[in-house]
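Each chain, letter by letter, is given below.
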Amino acid sequence: MRIPTTLLLFIGALILSGAGNVRPDASDHRYKEGDSVPLYANKVGPFHNPSETYRYFDLPFCIPEGVKDKKEALGEVLNGDRLVSAPYKLNFRDEKDSETYCKKKLSREEVEQFRRAVEKDYYFQMYYDDLPIWGFIGKVDKDGKSDPSEFKYFLYKHIQFEILYNEDRVIEINARMDPHSLVDVTEDKEVDAEFMYTVKWKETETPFEKRMDKYAMSSSLPHHLEIHWFSIINSCVTVLLLTGFLATILMRVLKNDFMKYAQDEEAADDQEETGWKYIHGDVFRFPKYKSVFAASLGSGTQLFTLTIFIFMLSLVGVFYPYNRGALFTALVVIYALTSGIAGYTASSFYCQLEGKNWYPREIPQLPWYRSAIPQMAMAGFLPFSAIYIELYYIFASVWGHRIYTIYSILFIVFIILLIVTAFITVALTYFQLAAEDHEWWWRSFLCGGSTGLFIYAYCLYYYYARSDMSGFMQTSFFFGYMACICYGFFLMLGTVGFRASLFFVRHIYRSIKCE
């Protein structure tokens, strides 16, 4: 399907207008010495539970006068951002040395709240001129002790900013917490805290257009690229072996079948039909629960179209690092615009499913490994084996703090996933028909979509073996959202498997002469 360029540009414009920050052009983000540069505090939360975030001032930090909430775009709301004006004043090229911005006596309750946050490795996130800043709010001093009751908890009270600039633009910002300036929050007692910050400016030759490259380089490091390319090679080998096997076996078997079924009419009358030709009168019998089947195909087609649009936008650079909420905006906008595809596909396919004028042919008794569940396991394992290496990086990006920007490799893996899904579903459909089982409609859909079940099983492995997530909130978020995502994959890949099988079935039955 050819997608008009104007439509793609229109969708991109909608996404960028709904995202939190648009990629600045040459006229934006210019400052004079002493000008105020926007600094927003976003959120705080446990480092190992990325979905569990809170407002920055939910912790008892000093709240300056005139705190204002930033007006957030759709993407920022969907992303869970809570941007408010930060307590620090970082004017352009205005250096400060250990300047106090707040003196506060922390109550016992506030000390306890900070201690719980430090214990859970709370981090903060801010944005300075649309550049992200991270840092931990405190540290735990274990001092070689194993008993948690003997640990000491400290709150950082001095943050040091180092800002790089090029002429009249901000290029980079780094935040470092002073390890020697601490507040002891181990005991539940009132303590005095003096919060300070330091600002240092340095000139750099890095152009403004490349200031975001720093955040994209982490996923493009040489050792990461080697793993990504290993994933691609592994997937390609899987595809070549599978396609070669299927092409050899199916073409040889089908050629023999066609030669046998192409005998003259008199010879055919003396023999009883067997195999997949025997069920030619039932193979196009419409499936049970056809309304559910049509709705599943419609939703799968919509999700497939949505995925293609997302990949196209990512390949043209819409989802550059820290374009806040751009991906979520894209998902909402494109899902709404493609809803008509789901309705049209489902209704048109449902209209074709009509007629119950004869009784179905009895299906012979089949061995257990030809039943639905074993075949779903076989059909899902091969496509999953082609993508499982890349899955870790995607999970680490979605459910962690890594940045994923190698969309070209991800697109190649996606194409390989579609090819393997289509081929393995076609092969299993042929074996099912050869066993004189004509109920292939649902079976092809379930086999194609079974990769979604393997991805959900991988979620269990990732949660318990590759992450440090914990707590009811994070656990429910992780498994709840992944259930929705995997169900979407099930519908999309099920549609791919069924469409490939439908094309195959129509092709082979068009090639034979049936009475």
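From a predicted model like this one, the values you see are computed outputs, not experimental measurements.

Undergrad: Would you mind going over the pattern of salt bridges in detail, with residue names and values included?
TA: Under the counting rule described, the total for this entry stands at 13 salt bridges. Measuring nitrogen to oxygen at the nearest pair gives 3.0 Å for the salt bridge that ties Arg 211 to Asp 129. Of this pair, Arg 211 sits in the loop between β12 (191-203) and α4 (213-216) while Asp 129 is found in the loop between β5 (122-128) and β6 (131-136), placing the two residues 82 residues apart along the sequence. Here Glu 209 and Arg 169 are joined by a salt bridge, their closest N and O atoms 3.8 Å apart. Taken as a pair, Glu 209 in the loop between β12 and α4 and Arg 169 in strand β10 (residues 169-177) lie far apart in primary sequence, 40 residues in all. Note on Arg 169: relative accessible area 7%, which makes it buried.

Undergrad: A description of the sheet that holds β10 should follow, citing residues and the corresponding values.
TA: The strands that make up a sheet pair up through hydrogen bonds in the backbone, lying either parallel or antiparallel. Strand order in this open sheet of 4 strands is β4-β12-β9-β10, and the pairing throughout is mixed. Looking at the sheet topology across the chains shown, the edges are occupied by β4 (96-106) and β10. On average, adjacent strands in this sheet sit at an angle of 20° to one another, irrespective of strand direction.

Undergrad: Can you tell me about a nonpolar patch on the surface, naming the residues and giving the values?
TA: Together, Leu 74, Leu 78, Leu 327, Phe 328, Leu 331 and Val 332 give the surface a local cluster of nonpolar side chains, amounting to about 460 Å² of exposed area. Taken together, the elements giving at least two residues each to the nonpolar patch come down to α2 (74-78) and α8 (326-337). The biggest single contributor to the nonpolar patch is α8, with 4 residues. Within the element layout of this structure, Leu 74 appears in helix α2. Assessed through its relative accessible area of 41%, Leu 74 is described here as partly exposed.

Undergrad: Account for the state of the cysteines, with residues named and values stated.
TA: Here the structure, examined in full by the defined rule, presents 1 disulfide. Across a sulfur-sulfur distance of 1.6 Å, Cys 62 and Cys 102 are joined as a disulfide pair. Sign of the S-S torsion, about -60° for the bond between Cys 62 and Cys 102, identifies this disulfide as left-handed. One end of the pair, Cys 62, is in the loop between β2 (54-55) and α2; the other, Cys 102, is in strand β4, with 40 residues separating them in the sequence. We classify Cys 102 as buried; its relative accessible area is 11%. Of all cysteine sulfurs in the structure, the one in Cys 486 sits closest to Cys 484, which takes part in no disulfide; the separation is 9.5 Å.

Undergrad: Describe the side chain of Asn 166, and please don't skip the residues or the numbers.
TA: Within the secondary structure, Asn 166 is located in strand β9 (residues 158-166). For Asn 166, a relative accessible area of 18% puts it in the buried group. Among the polar contacts listed, one links the side chain of Asn 166 to the backbone oxygen of Thr 206, at a separation of 2.9 Å. Among residues more than four places away in sequence, those in contact with Asn 166 are Ile 171, Thr 204, Glu 205, Thr 206 and Pro 207.

Undergrad: Please provide a residue-by-residue account of the pairing of strand β8 (residues 152-156), values included.
TA: Most of β8 is tucked away, with 4 of its 5 residues classed as buried. Inspection of the sheet shows strand β7 (residues 138-141) paired to β8 by 4 bridges, in the antiparallel sense. Bridging across to β8, Asp 141 finds its partner in Lys 152. The sheet contact formed by β8 and strand β11 (residues 182-184) spans 3 bridges and is antiparallel. Paired with Phe 154 across the two strands is Asp 184, which belongs to β11.

Undergrad: Give me the lowdown on the UniProt feature "transmembrane region" (unreviewed entry) in the chain, citing residues and values where you can.
TA: The sites that carry the UniProt feature "transmembrane region" (unreviewed entry) are, in the present numbering, residues 227-250, 292-320, 326-351, 372-394, 406-433, 445-465 and 477-505. For residues 292-320, the helix share is 83%, the strand share is 0%, and the end-to-end C-alpha distance is 39 Å. Helix makes up 100% of residues 477-505 and strand 0%, with an end-to-end C-alpha separation of 41 Å.

Undergrad: If you had to explain the packing of helix α10 (residues 372-398) against helix α13 (residues 451-466) to someone new, which residues and values would you point to?
TA: Closest axis-to-axis distance for the α10/α13 pair is 8 Å, and the angle between their directions is 40°. Overall, the two elements α10 and α13 adopt an arrangement that is oblique. Every pair of crossing elements has a handedness; the one defined by α10 and α13 is right-handed. Of the residues in the contact of α10 with α13, the class split is 18 nonpolar, 2 polar and 1 charged.

Cut-off values and rules
Chains are numbered independently. Their residues run from 1 in the order of the written sequence. Per-residue local features of the predicted model are confined to residues with pLDDT of at least 70, and side-chain atom pairs are confined, for both listing and counting, to 80 or more; whole-chain, interface and lining totals are unaffected and use all residues. Side-chain descriptors were evaluated using all non-hydrogen atoms of the structure, hydrogens and water having been removed beforehand. For this document, the term salt bridge refers to a Lys or Arg side-chain nitrogen within 4 Å of an Asp or Glu carboxyl oxygen. Think of it this way: any DSSP run of H or I at least four residues long counts as a helix, any run of E at least two long counts as a strand, and we number them from the N terminus. Each residue is assigned to one of three classes by its accessible area relative to the maximum for its type, calculated with a 1.4 Å probe on protein chains only: buried under 20%, partly exposed between the two thresholds, exposed over 50%. Pairing between two strands is assigned when DSSP locates at least 2 bridges connecting them. Axis definition: a line fitted to C-alpha atoms, over the contacting stretch in the case of helices. Angles run 0 to 180 degrees between N-to-C directions. Each patch groups residues whose relative accessible area exceeds 30% and which form no salt bridge, using 9 Å between like charges and 5 Å between nonpolar side chains of Val, Leu, Ile, Met, Phe, Trp and Tyr. Areas reported as accessible are Shrake-Rupley estimates using a 1.4 Å probe. Residue values count occlusion only from the protein chains shown. Our working definition of a disulfide is a cysteine sulfur pair at a distance within 2.5 Å. For this analysis, a polar contact is any N or O atom pair within 3.5 Å, provided that within protein one partner can donate a hydrogen and the other can accept it, and provided that sequence-adjacent residues contribute only side-chain to side-chain pairs. A contact between two residues is defined here by any heavy atoms of the two lying within 4.5 Å. UniProt positions are given in the numbering used here, feature names are shortened, and annotations may be inferred rather than shown by experiment. Any angle that is under 35 degrees is reported as roughly parallel, and any over 145 degrees as roughly antiparallel; angles of 65 to 115 degrees are reported as roughly perpendicular and all others as oblique. Left-handed describes a crossing in which the near helix is turned anticlockwise from the far one by less than a right angle; the clockwise case is right-handed. Residues are grouped as follows: Ala, Val, Leu, Ile, Met, Phe, Trp, Tyr, Cys and Pro are nonpolar; Asp, Glu, Lys and Arg are charged; all remaining types, including Gly, are polar.

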